[in-house]
Amino acid sequence: MKGIAIGAIFIILLLVGGAYLYLHQSEFQVSVPEYQSPPEQLVRAEQGWTNDQRLHFDHTPQGTRLVPYDWFMALEQPCLSLYGCELLADKTYLARFGFLSSQTDSKLNPDGLPVGFARQGDFHDPDTGETYAVVGLTCAACHTGELHYGKYAVRVDGAPAMIEVTEFQKALLLAVGFTQKIPFRYGRFEKRILGPNATEAQRADLKRRFTAFIDRAQFEIDNTGPGKGIYDNQAGFNRTDALTRIGNQVFAVDMKNAANFAPASAPVRFPQVWDASWFTWVQYNSSISDPLVRNVGEALGVRAAAKLYGTDAKDFGNSVHIEGIKELESLLSGPAPYRGLRPPAWPAEFPALEAQKITRGAELYKSICEHCHLPPAEELAADLQKPHPTYWRENGQHIRLLQLTDVPVTEVGTDPHEAIDFINRTANSGDLGKGRISAGDGLELVTSGIANKFFEKMKLTPAQQIEWRGNRDPADPVVRSEAIYKARPLTGIWAVSPYLHNGSIPNLYALLSPQSDRPDTFWTGSKQFDPIKVGHDTAEFKGAYFYDVTKPGNSNRGHEFKDGPRGNGVVGPALSPDDRFAIIEFLKSLKAPEVQK
């Protein structure tokens, strides 16, 4: 008997050890830096917003869903412990993914979640028909930056966020999965949600909803997990393959068609969003003109739900919160150009600018950069007031939009994946009945279908519909697919490193250098700021992302300054170190034009 007992103990230890080793494989581990306290003094760049406007941008829901809200607050971090783990919603834990602290507000942010997390109490699930409270991400999560310099943390609204969204999603997935598979963990979860005196009916209902939620997610997990080749190309901090992920959500997940998944090989840096509402075309590849199409697509990409399969697919059932999207867009745009979110001016907390360098840099900018990136904002604002402006296009609704320069991919020479992948992608439209369509046509079909369903529900007139679409002319094209990248004005460019659309160049000095002087590898994830070369610190630290320019979508070639013929990636002459620093000083000095409110 004693031998049997010893054997049983050995088997149990073997099973426990095997489980321990299995769960310590990389797919069950979340790689993020340790928590670091931010600098003691938070400084907010002056960008024309009140605190209330900023609060609404940070937490207004747009119809996206991570998980039900009470679940998020009750889930444990994906650690392995017999004694339980800290809560997933712990602010210091979320900060390790790069999310920024925010204020508590009884209506918009009752639990003080970070910037970009939104509680929506009336989320409508198009798959089940149920309505319940959820937590989702809003655009502020990816478009709010913070730069650390000495004792200062400079918060910049609309700037790219230094967040690791893929690892955060992995952490959330593991937190849910561990809760499902580990009984005593589920027991703690259940008790946090229902309390100690829950009825059997309440427990059964929670179990039903929890299981159903995982079952619905299993389709995506099975088709995009490790080794499937869909998301094997890591984007790291500050980036995501936005267009591919939107397409995968819409064409594959929402249409329930695994054949429509496409590999994410074109990660891009989160773009700065100030002034973008008044551009003729947005996205790095200059592919979308309609703000509502842009924002509905963005909401779908961060997990707004849509039911695009079955006999009712053409009803475009969805959870997108169009009213919230309109509020967010209005905050960004304001009533006219330069009257919404303004690009930040160089902060007084950073080293003072040098007038002599600025003067020299202005001359160089005008001769080398202006033909693509347009004149400084003050000149553009003056041009806007002319009867026949040079840089602004007036559409059929008598709205003037800034006409950006579109540069062929072959000319600018930067990594072509985002533009070319979007051109080449197609999808089976399934129950929507359009056969095989391009990614551009599919995006327009779905986003316009969702918008039109909302217009019909609200009984909006054609004139009102145009207003909700940002006063874009219905006769103008909405989506296009061309091998181009747009060159945007550079006011506030100092706040948006790393550079190029794919974030392959760590600072402005390297951007103005020949490719041979640019680093082929560096680390991302730090908020520490270098005000001289202008970029984030790229030194190695535990939990950082290792950027390697040889990986798909990561090329750092193109937009190069060296002597020789222009084109094929060469955009200007070789610049001396002094000239590079002069251009940088001028770019740091750029300000938004003064306009009358």
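This text goes with the structure placed above it.
Worth saying up front: this structure is predicted, and the values here are computed from it rather than measured.

**Some thoughts on the overall build of the protein chain**
Each helix and strand counted, the protein chain has 18 helices and 22 strands in total. Rg of the C-alpha trace for the protein chain: 25 Å, near the compact-globule value of 25 Å for 597 residues, within the 12% margin. When each of the 597 residues of the protein chain is scored for burial, the buried share is 56%. In the protein chain, the proportion of contacts linking residues at least 24 apart, taken out of those at least 6 apart, comes to 73%. Carbon and sulfur atoms form 54% of the exposed surface of the protein chain, whose accessible area is close to 25,800 Å². Between the mean site of the 62 positive side-chain charges and the mean site of the 70 negative ones, the protein chain shows a separation of 3 Å.

**Things to note about a nonpolar patch on the surface**
On the surface, a nonpolar cluster with roughly 440 Å² of combined accessible area is contributed by Leu82, Tyr83 and Phe184. When you line up the elements, Tyr83 lands in the loop between helix H3 (69–74) and helix H4 (91–95). Looking at Tyr83, the relative accessible area reads 77%, which means it is exposed.

**Some details on the sheet that holds strand S5 (residues 144–149)**
In sheet architecture, strand pairing relies on hydrogen bonds along the backbone and comes in two forms, parallel and antiparallel. Here three strands make up an open sheet; going across it, the order is S1-S6-S5 and the pairing mixed. Where the open sheet ends on each side, the last strands, each with one partner, are strand S1 (41–44) and S5. With strand direction ignored, the average angle separating the axes of adjacent strands in the sheet is 25°. Judged from the four bridges that link them, S1 and strand S6 (residues 152–157) form a sheet pairing that is parallel.

**Some remarks on the nonpolar core**
One finds Phe57, Trp494, Tyr499, Leu508 and Leu587 to be the most contacted residues of the largest nonpolar core, which totals 48 residues. Elements that contribute at least two residues to this core include exactly S6, helix H10 (322–333), helix H11 (355–373), helix H17 (508–511) and helix H18 (577–589). If you tally residues by element for this core, the top one is H18, at five residues. Discounting chain neighbours no more than four positions away, the residues touching Leu508 are Ile493, Tyr499, Lys533, Val534, Ile584 and Leu587.

**Describing the environment of Gly225**
Within the fold, Gly225 resides in the loop between helix H7 (200–224) and strand S7 (239–240). Along the chain, Gly225 and Ser287 lie 62 residues apart, while their C-alpha atoms are 29 Å from each other. Leaving out residues up to four positions away in the same chain, Gly225 has contacts with Glu220 and Asp232.

**Comments concerning the environment of Tyr391**
Residue position: Tyr391 is located in the loop between helix H12 (377–384) and strand S11 (392–394). Expressed as a C-alpha distance, the spacing of Tyr391 and Gly324, which sit 67 residues apart in the sequence, is 31 Å. Tyr391 has contacts with Leu374, Pro375, Leu380, Asp383, Leu401, Leu402 and Gln403, leaving out every residue within four places of it along the chain.

**Digging into the state of the cysteines**
Tallying each qualifying case throughout the model produces one disulfide. Disulfide partner of Cys79: Cys85, at an S-S distance of 1.8 Å. Residues Cys79 and Cys85 share a disulfide whose torsion about the S-S bond is about -110°; that sign makes it left-handed. The cysteine Cys139 is free of any disulfide, with Cys142 supplying the nearest cysteine sulfur at 8.8 Å.

**Structural notes on the packing of H11 against H18**
It is at 7 Å that the axes of H11 and H18 come closest, and there the two elements cross at 95°. Judged on the interaxial angle alone, H18 and H11 are roughly perpendicular. Residue-level inspection shows Lys357, Ile358, Arg360, Gly361, Ala362, Leu364 and Tyr365 of H11 in contact with H18, the latter providing Asp579, Ala582, Ile583, Glu585, Phe586, Leu587 and Ser589. The residue inventory of the contact of H11 with H18, partitioned by class, reads eight nonpolar, two polar and four charged.

**Some points on helix H15 (residues 439–458)**
Between its first and last C-alpha, H15 extends 29 Å over 20 residues, near the 28 Å set by a 1.5 Å rise per residue. Looking at H15, one finds that the buried residues are Ala439, Gly440, Gly442, Leu443, Val446, Thr447, Ser448, Gly449, Ile450, Ala451, Phe454 and Phe455. Once H15 ends, the next one or two residues include Lys459, with phi positive near 55°.

**Brief notes about the packing of aromatic side chains**
Applying the stated rule across the entire model yields 29 aromatic pairs. The interplanar angle of 75° and the centroid separation of 6.2 Å between the aromatic rings of Trp71 and Phe189 together place this pair among those described as edge-to-face. Of this pair, Trp71 sits in helix H3 while Phe189 sits in helix H6 (residues 183–194), and the two are 118 residues apart along the sequence. Summarising the aromatic geometry, the rings of Phe99 and Phe168 are spaced 5.1 Å apart at their centres and angled 80° between planes, so their arrangement reads as edge-to-face. One end of the pair, Phe99, is in the loop between H4 and strand S3 (117–124); the other, Phe168, is in helix H5 (residues 165–181), with 69 residues separating them in the sequence. The buried category is assigned to Phe99, whose relative accessible area is 4%. An aromatic cluster is present here, built from Phe72, Tyr93, Phe97, Phe99, Phe117 and Phe168 joined pairwise through their rings. The lysine or arginine in question, Lys256, covers the ring of Phe219, its NZ or CZ lying 5.9 Å from the ring centre. We note Arg480 situated over the ring of Trp281; from NZ or CZ to the ring centre the distance is 4.0 Å.

**A few points about the pattern of salt bridges**
Under the defined criterion, the tally for this structure stands at 27 salt bridges. As a salt-bridge pair, Asp125 and Arg65 come within 2.9 Å of each other at their nearest N and O atoms. Placement of Asp125 in the loop between S3 and strand S4 (131–137) and of Arg65 in the loop between helix H2 (51–59) and strand S2 (67–68) is noted, with a sequence separation of 60 residues between them. Taking relative accessible area as the criterion, Arg65 reaches 13% and is therefore assigned buried. Close ionic contact of Arg208 with Asp205 constitutes a salt bridge, the shortest N to O distance being 2.8 Å. Here the residue Arg208 and the residue Asp205 both occupy positions in helix H7, the gap between them amounting to three residues, near one helical turn. With relative accessibility at 42%, the residue Arg208 sits in the partly exposed group.

**Thoughts on unusual backbone geometry**
Here the amide bond leading from Ser497 into Pro498 is cis, since omega sits at 0°, within 30 degrees of zero. By secondary structure assignment, the location of Pro498 is in the loop between strand S16 (484–487) and H17. Even without glycine at this site, Lys256 takes up a positive phi of about 55°. Within the secondary structure layout, Lys256 lies in the loop between helix H8 (242–253) and strand S8 (268–269). With a relative accessible area of 37%, Lys256 lands in the partly exposed category. Although it is not a glycine, Asp275 sits at a positive phi angle of roughly 70°.

Conventions used here
- Residues numbered from 1 in each chain as written.
- Predicted model: local features only at pLDDT ≥ 70, side-chain atom pairs only at ≥ 80, totals over all residues.
- Heavy atoms only, no water.
- Helix = DSSP H or I, 4+ residues; strand = E, 2+ residues; numbered from the N terminus.
- Rg over C-alpha atoms; globule rule 2.2 N^0.38 Å.
- Buried < 20%, exposed > 50% of the residue type's maximum accessible area, 1.4 Å probe, protein only.
- Contact = heavy atoms within 4.5 Å.
- Areas by Shrake-Rupley, 256 points an atom, 1.4 Å probe, with all protein chains shown as cover.
- Lys, Arg positive; Asp, Glu negative; His and termini not counted.
- Charge placed at Lys NZ, Arg CZ, Asp CG, Glu CD.
- Patch = residues over 30% accessible without salt bridge, like charges linked within 9 Å, V, L, I, M, F, W, Y side chains within 5 Å.
- Salt bridge = Lys/Arg side-chain N within 4 Å of Asp/Glu carboxyl O.
- Pairing = 2+ DSSP bridges.
- Axes fitted to C-alpha atoms, helices over the stretch in contact; angles between N-to-C directions.
- Core = buried A, V, L, I, M, F, W, Y, C linked by side-chain atoms within 4.5 Å.
- Disulfide = S-S within 2.5 Å.
- Parallel < 35°, antiparallel > 145°, perpendicular 65-115°, else oblique.
- Nonpolar A, V, L, I, M, F, W, Y, C, P; charged D, E, K, R; others polar.
- Expected span 1.5 Å × (residues − 1).
- Phe/Tyr/Trp six-rings, centres within 6.5 Å; stacked < 30°, edge-to-face > 60°.
- Lys NZ or Arg CZ within 6 Å of the ring centre and 35° of its normal.

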